[in-house]
Amino acid sequence: MVALLLFERGHMKKFEIMQLKEWWTHTKGWEAWDDIREKFDINDYDSVYVSKCDDLTSLDSIYEKLNVNHPVDYKGRSLSVSDLILFPDDEKVFYVDMCGYVDISNRVYKTKEFELANDLVRFAQDYDWYDYMDYEDITTPDIIALDLAEGKITMYLDFLKDISSDESQLIEVRKDAEQLIKKLDELTEYKTKEEKNKFKIKLKENIQKQKSEDLKSSDFLDYENNNDKDYDKEK
């Protein structure tokens, strides 16, 4: 497993483990994500464990803890392929894969990116958009959603613009492409605002932290000055 420190200190409060119901008979157990992605359904899972995060919580530390060093209150089986590690406070979900972990948050929480990715896939299936693309292997919503979540929107905008401006296409096809372009533009605008809000929050946290440190420093200087005055009086 690849070591991965996930979150900023103090941000995550807890993690949760979900495992397949009746895993000993389940046909979806112990499969690589690439083999299970089309059949994945969160309703096939039960929550088996919830615990607090600490400053060193990572995917690997959780895997080790629940695979070889079970806590007394842990009732699930040893963590393995097909299990889920959730961080509800940040709406993050990771699938334990054959090697490492796969971020499937978009599949579980149905984000804006995942909803738009579904629209894009439907459009691809209806109008065979792959004639306009070099990436023929991008066929599933979770792959596209991950692209959109990471800001990789240009590729999709480019081919949709090609389709919408292609006069040989039916008017209905061109209109649908224009609607998707509008949605991608709205997502870009939304993500830009989201990043700005995150920056503002981070800035406020840093200012508050600096004020706290300045206050501690000021208190220390006052303490030192008072001690010096007392020492002078004694002299």
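Here, every reference points to the structure presented above.
The rules we used
- Per-chain numbering applies: the sequence of each chain, read as written, is numbered from 1 onward.
- Per-residue local features of the predicted model are confined to residues with pLDDT of at least 70, and side-chain atom pairs are confined, for both listing and counting, to 80 or more; whole-chain, interface and lining totals are unaffected and use all residues.
- Side-chain calculation: all heavy atoms of the structure are included, whereas hydrogens and water are not.
- Stacked, edge-to-face and tilted labels apply to pairs of Phe, Tyr and Trp rings (six-membered ring for Trp) whose centres lie within 6.5 Å, assigned for plane angles under 30 degrees, over 60, and everything in between, in that order.
- Each helix corresponds to a stretch of at least 4 residues labelled H or I by DSSP, and each strand to a stretch of at least 2 residues labelled E; elements are numbered beginning at the N terminus.
- Three labels apply to residues, based on accessible area from a 1.4 Å probe with only protein chains included: buried if under 20% of the type maximum, exposed if over 50%, partly exposed otherwise in between.
- The working definition used for a salt bridge is a side-chain nitrogen of Lys or Arg within 4 Å of a carboxyl oxygen of Asp or Glu.
- Joining through side-chain atoms within 4.5 Å is the link that ties buried Ala, Val, Leu, Ile, Met, Phe, Trp, Tyr and Cys residues into a set, and such a set is a nonpolar core.
- A contact between two residues is defined here by any heavy atoms of the two lying within 4.5 Å.
- Strands are labelled as partners when DSSP assigns at least two bridges between them.
- Only the stretch in contact is used when a helix axis is fitted, and all axes are lines through C-alpha atoms; the angle between N-to-C directions ranges over 0 to 180 degrees.
- To sort the angles, those under 35 degrees are grouped as roughly parallel, those over 145 as roughly antiparallel, those from 65 to 115 as roughly perpendicular, and the leftovers as oblique.
- Rotating anticlockwise by less than a right angle from the far helix to the near helix defines a left-handed crossing, while the corresponding clockwise rotation defines a right-handed one.
- Basically, the charged four are Asp, Glu, Lys and Arg, the nonpolar ten are Ala, Val, Leu, Ile, Met, Phe, Trp, Tyr, Cys and Pro, and anything else, Gly included, counts as polar.

## Observations regarding the packing of aromatic side chains
For step 1, the next point in the chain: Counted according to the given criterion, the structure contains six aromatic pairs.
For step 2, the next point in the chain: Relative to Tyr 74, the ring of Tyr 49 has its centre 5.1 Å away and its plane inclined at 90°; by these criteria the two rings are edge-to-face. Linking Tyr 49 in strand S2 (residues 45-52) with Tyr 74 in the loop between helix H2 (59-68) and strand S3 (84-87), this pair joins segments that are 25 residues apart in sequence. As far as burial versus exposure is concerned, Tyr 49 and Tyr 74 are alike and both buried.
For step 3, the next point in the chain: Considering the side-chain rings of Phe 87 and Phe 94, the 6.3 Å spacing of their centres and the 80° angle between planes classify their relative orientation as edge-to-face. In this structure, Phe 87 and Phe 94 share a single accessibility class: buried.
For step 4, the next point in the chain: Ring pairing ties together the aromatic residues Trp 33, Phe 40, Tyr 45 and Tyr 95, which thus form one cluster.

## Here we look at unusual backbone geometry
For step 1, the next point in the chain: With phi around 90°, Ser 82 is a residue other than glycine that occupies positive phi space.
For step 2, the next point in the chain: Here Ser 82 is to be found in the loop between H2 and S3.
For step 3, the next point in the chain: Notably, Glu 91 is not glycine yet its phi reads approximately 50°, a positive angle.
For step 4, the next point in the chain: Judged by relative accessible area, which is 45%, Glu 91 ranks as partly exposed.

## Considerations on the pattern of salt bridges
For step 1, the next point in the chain: All told, the structure shown has six salt bridges when counted by the stated rule.
For step 2, the next point in the chain: Here Lys 39 makes a salt bridge to Glu 31, at a shortest N to O gap of 3.5 Å.
For step 3, the next point in the chain: Assessed through its relative accessible area of 18%, Glu 31 is described here as buried.
For step 4, the next point in the chain: Taking the shortest distance from any N to any O, the salt bridge between Asp 103 and Lys 92 comes out at 3.2 Å. Taken together, the residues Asp 103 in strand S5 (residues 101-103) and Lys 92 in strand S4 (residues 92-96) connect sequence positions 11 residues apart.

## Let's talk about the nonpolar core
Grouped burial of nonpolar side chains is what soluble globular proteins tend to show.
For step 1, the next point in the chain: In this structure, Leu 120, Leu 148, Leu 160 and Leu 184 are the most contacted members of the largest nonpolar core, which totals 21 residues.
For step 2, the next point in the chain: Where this core is concerned, the elements lending two or more residues are helix H4 (112-127), helix H5 (141-149), helix H6 (154-164) and helix H7 (171-234).
For step 3, the next point in the chain: Leave out the neighbours within four places in its chain, and Leu 184 touches Leu 116, Leu 148, Ile 153, Tyr 156, Leu 157 and Leu 160.
For step 4, the next point in the chain: Core analysis: the second largest hydrophobic core is formed by 14 residues, Phe 15, Leu 66, Val 96 and Tyr 101 among them.

## Brief notes about the sheet that holds S4
For step 1, the next point in the chain: Within the open sheet, the five strands sit side by side as S2-S1-S3-S4-S5. Their pairing is antiparallel. Two strands in the sheet have a free side with no partner beyond their single neighbour: S2 and S5. Direction aside, neighbouring strands of the sheet carry axes that sit 25° apart on average.

## A closer look at the pairing of S4
For step 1, the next point in the chain: Of all five residues that make up S4, four are buried, and the element is covered over most of its length.
For step 2, the next point in the chain: Bridge count between S3 and S4: four bridges; the pairing is antiparallel. Counted as the bridge partner of Leu 86 is Val 93 from S4.
For step 3, the next point in the chain: Connecting S3 to the antiparallel partner S4 that follows it, the hairpin turn spans four residues, and Glu 91 within it adopts a positive phi of roughly 50°.
For step 4, the next point in the chain: Sheet topology places S4 next to S5; three bridges connect them, and they run antiparallel. Looking at the pairing, Val 96 lines up with Tyr 101 of S5.
For step 5, the next point in the chain: In textbook terms, the turn of a hairpin is the stretch between consecutive antiparallel strands, and for S4 and S5 this stretch comprises four residues, one of which, Gly 100, has a positive phi near 90°.

## Side note on the packing of H4 against H5
For step 1, the next point in the chain: Viewed as axis vectors pointing N to C, H4 and H5 meet at an angle of 125°, and their least axial separation amounts to 8 Å. By the angle between their axes, H4 is oblique relative to H5. For H4 against H5, the interelement crossing comes out right-handed. In contact with Glu 113, Phe 114, Leu 116, Ala 117, Asn 118, Leu 120 and Val 121 of H4, H5 contributes Pro 141, Asp 142, Ile 144, Ala 145, Leu 148 and Ala 149.
For step 2, the next point in the chain: A class-by-class count of the residues in the contact of H4 with H5 yields 10 nonpolar, one polar and two charged.

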